[in-house]
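Spelled out from the first residue to the last, the chains are:
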Amino acid sequence: MTMRDQDRLAAVTAVVTRAVNQTDPMGLLSIGAPEDEYEPEIRDLLEGLADAWPDPMAVLRLCESVFNHFFGARSVNTRRIRRLAGRIVMGLRELERTR
């Protein structure tokens, strides 16, 4: 992996981490969970983005799939997942504009 690839991965990781933590899809951070609570979900999102990006609907499906896998479909708040996907898409678009 080149230095440029490492920089890009770090930037994408920061976008996804910020989006997940700001959205707090399962409400865990708001009740005192540690800041790295969503680390496994973030890791899966990052792996899936290679196939999902740049299609916003694919990003939404990825977010739904990851959180349904970890928490079960009944526990996942669809509105929060849509908000999360939107934040990821907006963050990645901004990242592309600045690169």
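For the structure, check the block above.
This structure is a prediction, so every number in the text was calculated from the model and none was measured.

A. Summary view of the nonpolar core. Leu45, Val59, Phe67 and Ile88 are the most contacted members of the largest nonpolar core, which totals 29 residues. Residue assignment for this core shows that the elements contributing at least two residues are helix 1 (3-23), helix 2 (39-52), helix 3 (56-71) and helix 4 (78-98). For Phe67, the residues in contact, after removing those within four places along its chain, are Val20, Pro25, Met26, Tyr38, Glu41, Leu45, Gly72, Val76, Ile81 and Leu84.

B. Just the packing of aromatic side chains, in detail. On inspection of all chains with the given rule, the structure shows two aromatic pairs. With centroids separated by 6.0 Å and ring planes inclined at 10 degrees, the aromatic side chains of Phe67 and Phe71 adopt a geometry described as stacked. Of this pair, Phe67 and Phe71 both sit in helix 3, four residues apart, which is roughly one turn of the helix. Residue classification places Phe67 among the buried residues on the basis of a relative accessible area of 0%. What links up through ring pairs into an aromatic cluster is the set Tyr38, Phe67 and Phe71.

C. Structural context of the environment of Ala50. Its place among the elements puts Ala50 in helix 2. Owing to a relative accessible area of 66%, Ala50 belongs among the exposed residues under this scheme.

D. Examining the packing of helix 2 against helix 3 more closely. The geometry of helix 2 relative to helix 3 is characterised by a closest axis approach of 10 Å and an angle of 150 degrees between their N-to-C directions. As far as their axial angle goes, helix 3 and helix 2 are roughly antiparallel. Judged by the twist between their axes, the crossing of helix 2 over helix 3 is right-handed. Here Pro40, Glu41, Asp44, Leu45, Gly48, Leu49 and Ala52 of helix 2 lie close against helix 3, whose contacting residues are Ala58, Val59, Leu62, Cys63, Val66, Phe67, Phe70 and Phe71.

E. Helix 4, seen in detail. Compared with the 30 Å implied by 1.5 Å per residue over 21 residues, the 30 Å span of helix 4 between its first and last C-alpha is a close match. Within the span of helix 4, buried status applies to Ile81, Leu84, Ala85, Ile88, Val89, Gly91, Leu92 and Leu95. In a view along the axis of helix 4, the buried residues occupy a sector of 165 degrees, so they form one face of it. Exposed residues lying more than 90 degrees from the buried face of helix 4 are Arg79, Met90, Arg97 and Thr98. For helix 4, the secondary structure elements touched by its buried residues are helix 1, helix 2 and helix 3. Two or three places before Arg79, at the opening of helix 4, Asn77 has a side-chain oxygen 2.9 Å from that residue's backbone nitrogen.

Procedures and definitions
Residues numbered from 1 in each chain as written. Predicted model: local features only at pLDDT ≥ 70, side-chain atom pairs only at ≥ 80, totals over all residues. Heavy atoms only, no water. Core = buried A, V, L, I, M, F, W, Y, C linked by side-chain atoms within 4.5 Å. Buried < 20%, exposed > 50% of the residue type's maximum accessible area, 1.4 Å probe, protein only. Helix = DSSP H or I, 4+ residues; strand = E, 2+ residues; numbered from the N terminus. Contact = heavy atoms within 4.5 Å. Phe/Tyr/Trp six-rings, centres within 6.5 Å; stacked < 30°, edge-to-face > 60°. Axes fitted to C-alpha atoms, helices over the stretch in contact; angles between N-to-C directions. Parallel < 35°, antiparallel > 145°, perpendicular 65-115°, else oblique. Left-handed = near helix turned anticlockwise from the far one by under 90°. Expected span 1.5 Å × (residues − 1). Arc of directions from axis to C-beta. Polar contact = N/O pair within 3.5 Å; in protein donor to acceptor, adjacent residues only side chain to side chain.

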